[in-house]
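Tertiary structure, described
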Amino acid sequence: MSYQVDEKGYYGEFGGAYIPEMLYPNVEELRSRYLNIMKEESFQKEFKELLKEYVGRPTPLYYAKRFSEKYGTKVYLKREDLCHTGAHKVNNTIGQILMAQKLGKKRIIAETGAGQHGVATATVCALMGMECIVYMGEIDIDRQAPNVARMKMLGATVVPAKSGSRTLKDATNEAIRDWINNPVDTHYIIGSVVGPHPYPDMVARFQAVISEEIKNQLKEKEGKEDPDFVVACVGGGSNAAGAYYHYLDNPDVGIIAVEAAGKGVDSGESAATSALGKAGIIHGSKTLLMQTGDGQITEPYSISAGLDYPGVGPMHANLYASGRGEFISITDEDAMKAGLELAKLEGIIPAIETSHALAIFETRKFEKDDIVIVNLSGRGDKDLNTYIEYFNL
Ligand SMILES: Cc1ncc(COP(=O)(O)O)c(C=O)c1O
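This text gives an overview of the structure that appears in the document.

What counts, and where the lines are drawn
Residues numbered from 1 in each chain as written. Predicted model: local features only at pLDDT ≥ 70, side-chain atom pairs only at ≥ 80, totals over all residues. Heavy atoms only, no water. Near = heavy atom within 4 Å. Polar contact = N/O pair within 3.5 Å; in protein donor to acceptor, adjacent residues only side chain to side chain. Areas by Shrake-Rupley, 256 points an atom, 1.4 Å probe, with all protein chains shown as cover. 1 Å grid on protein atoms, 1.4 Å probe; cavity = no way out; pocket = protein on both sides within 12 Å on 5 of 7 lines; lining within 4 Å. Sits in = over half its atoms within 2 Å of the grid points. Nonpolar A, V, L, I, M, F, W, Y, C, P; charged D, E, K, R; others polar. Domains from an automatic or database assignment. Buried < 20%, exposed > 50% of the residue type's maximum accessible area, 1.4 Å probe, protein only. Helix = DSSP H or I, 4+ residues; strand = E, 2+ residues; numbered from the N terminus. Pairing = 2+ DSSP bridges. Points joined across faces, edges and corners; volume = space filled by probe spheres on them. Axes fitted to C-alpha atoms, helices over the stretch in contact; angles between N-to-C directions. Contact = heavy atoms within 4.5 Å.

Side note on the site of the ligand
Contacts to the ligand come from 17 residues, most closely from Ser192, Gly235, Gly237, Ser238 and Ser377. Measuring from an oxygen atom of the ligand, one finds a side-chain N or O atom of serine 192 at 2.6 Å. Between glycine 235 and the ligand, the recorded distance is 2.8 Å, taken from a backbone N or O atom to an oxygen atom. The protein chains hide 97% of the 390 Å² of surface that the ligand would expose on its own. Judged by its atoms lying within 2 Å of the grid points, the ligand is housed in the largest cavity. Taken together, the residues of the shell around the ligand break down into four nonpolar, 11 polar and two charged. Built from parts of two domains, the shell around the ligand gets at least three residues from each of domain 1 (17-50 + 89-203) and domain 2 (56-87 + 208-391).

Structure, rendered in structure tokens:
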């Protein structure tokens, strides 16, 4: 049994493409061409070159000595925070802008929560001289102001989403609406392993460079390619998908997914999708989804804009349902403490999304000789105001 996507676009019972008829031509064009385009030598050459010269890959696999000593296990940090623009998101936007060019598209749209994907999209649009429109929830525009300024400086138009919870899911709705209205010239760069097939698979393949590098780097440092555990925070699930990718079908490597419990899983203010979700359809994909008894989406909450999503990618829904992945929920409070702790122990200020992954060591115990990789998905600059207010710094 494989935990990769099957030829119909499913991960177990999750995935597929549940889309309105008006979106079918756009999605079908992408589905029928993405694998062949990705296989082209010219595509691979340009993708790899940009990851190296522009993004700054490979990112280091850093042995966190003081953090490891504190928790009595061996912790390595995969430093995606050192990617150009400050998070893993750019691995995917580089891949998708090249895809858009191969498909002959001229206009790019995107949704963003924390603003990291918006910045990464605006960045590659500037790089390639393409028009860029980013949809962003009104609430997220307020709490991620530095990233909004960055997008504008990079030449993107930021359009506020004013419906629902005015966060990521609502921004995604607006982007889908735009795509329906502009089917010919526009490519929609989705920022995570969500949405209709082929997006979850395509984004996972672009992010798979993370685990490809981990294998090589761990071999150099520890003499073996496989860690005991790979840990990542999960919003939609793209940094996690990239960190797990080459280990998915290797049962010797434990997979740990960390979700945002917000103010507590049962508080009514949470984004812990696996704990609270049931099978449903969101943004074109069958997946685990926080919903009311009659199937209306429940508004999610997390202090971190990037984890504030009521669904999760279908790969992760299957990892949860099959038991392949271990899912842990972390509250705002515990995440914030873990972020501050990493700053003090290692001199690295993580994004609040990432802080959720770091917080598990307080409760999840590992053996002394275990090798635990934490995917350090992003840096905390964008969250400085939230850290300052929270800790009265
Ligand atoms: C630094 C960082 N980590 C994690 C995430 C969550 O997204 P994903 O689950 O797709 O990696 C975000 C989303 O914006 C992010 O900015």
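What to know about the pairing of strand β14 (residues 371-376)
Counting buried positions along β14 yields six of six residues, so the element is predominantly enclosed. Taking every second residue as pointing to the same face, both faces of β14 are buried, with Ile371, Ile373 and Asn375 on one and Val372, Val374 and Leu376 on the other. Bridge analysis of strand β4 (residues 74-79) against β14 gives six bridges, and the strand direction is parallel. Along β14, the bridge assignment pairs lysine 78 with asparagine 375. Pairing geometry for strand β9 (residues 229-233) and β14, over three bridges, is parallel. If you follow valine 231 over to β14, its bridge partner there is valine 374.

With respect to empty space enclosed by the protein
Summed over all chains, the structure comprises two cavities of 30 Å³ or more. Put simply, the largest cavity is a space of about 370 Å³. Residue lining of the largest cavity: 34 residues in total, with Lys89, Gly191, Ser192, Gly236 and Gly306 positioned closest to the centre. At the level of secondary structure, the elements contributing two or more residues to the lining of the largest cavity comprise β5 (107-112), α5 (116-128), α8 (168-181), α11 (238-244) and α15 (352-358). Among the residues making up the lining of the largest cavity, the classes are represented as 10 nonpolar, 20 polar and four charged. Structurally, the lining of the largest cavity is a two-domain feature, drawing no fewer than three residues from each of domain 1 (17-50 + 89-203) and domain 2 (56-87 + 208-391). Reported here for the second largest cavity is a volume of approximately 30 Å³. In this structure, the second largest cavity is lined by Val194, Gly195, Ile282, His283, Ser285, Thr287, Tyr309, Val312, Gly313 and Pro314. Here the residues of the lining of the second largest cavity sort into five nonpolar, five polar and no charged.

Notes on the layout of surface pockets
Taken as a whole, the largest pocket encloses approximately 430 Å³ of empty space. Lining the largest pocket are 18 residues; nearest its centre among them are Phe47, Lys48, Leu51, Val209 and Glu212. Only α1 (24-39), α2 (41-55), α9 (199-207) and α10 (209-222) provide two or more residues apiece to the lining of the largest pocket. Top element by residues in the lining of the largest pocket is α2. It accounts for five residues. In the lining of the largest pocket, the residues fall into nine nonpolar, three polar and six charged. Taken together, domain 1 (17-50 + 89-203) and domain 2 (56-87 + 208-391) each give at least three residues to the lining of the largest pocket, which thus spans both.

Here we look at the sheet that holds β9
Spatially, β3-β4-β14-β9-β10-β13 is the arrangement adopted by the six strands of the open sheet, whose pairing is mixed. Single-partner strands in this sheet number two, and they are β3 (61-63) and β13 (325-331). For this sheet, the mean angle separating the axes of adjacent strands, direction not counted, is 25°. Helix-sheet contacts for α10 involve β3, β4 and β14, and the interaxial angle to β4 is about 135°. Sheet strands in contact with helix α14 (residues 332-346) are β3, β4, β10 (254-262), β13 and β14, and its direction is about 95° off that of β13.

By themselves, these are just geometric observations and shouldn't be taken as functional.
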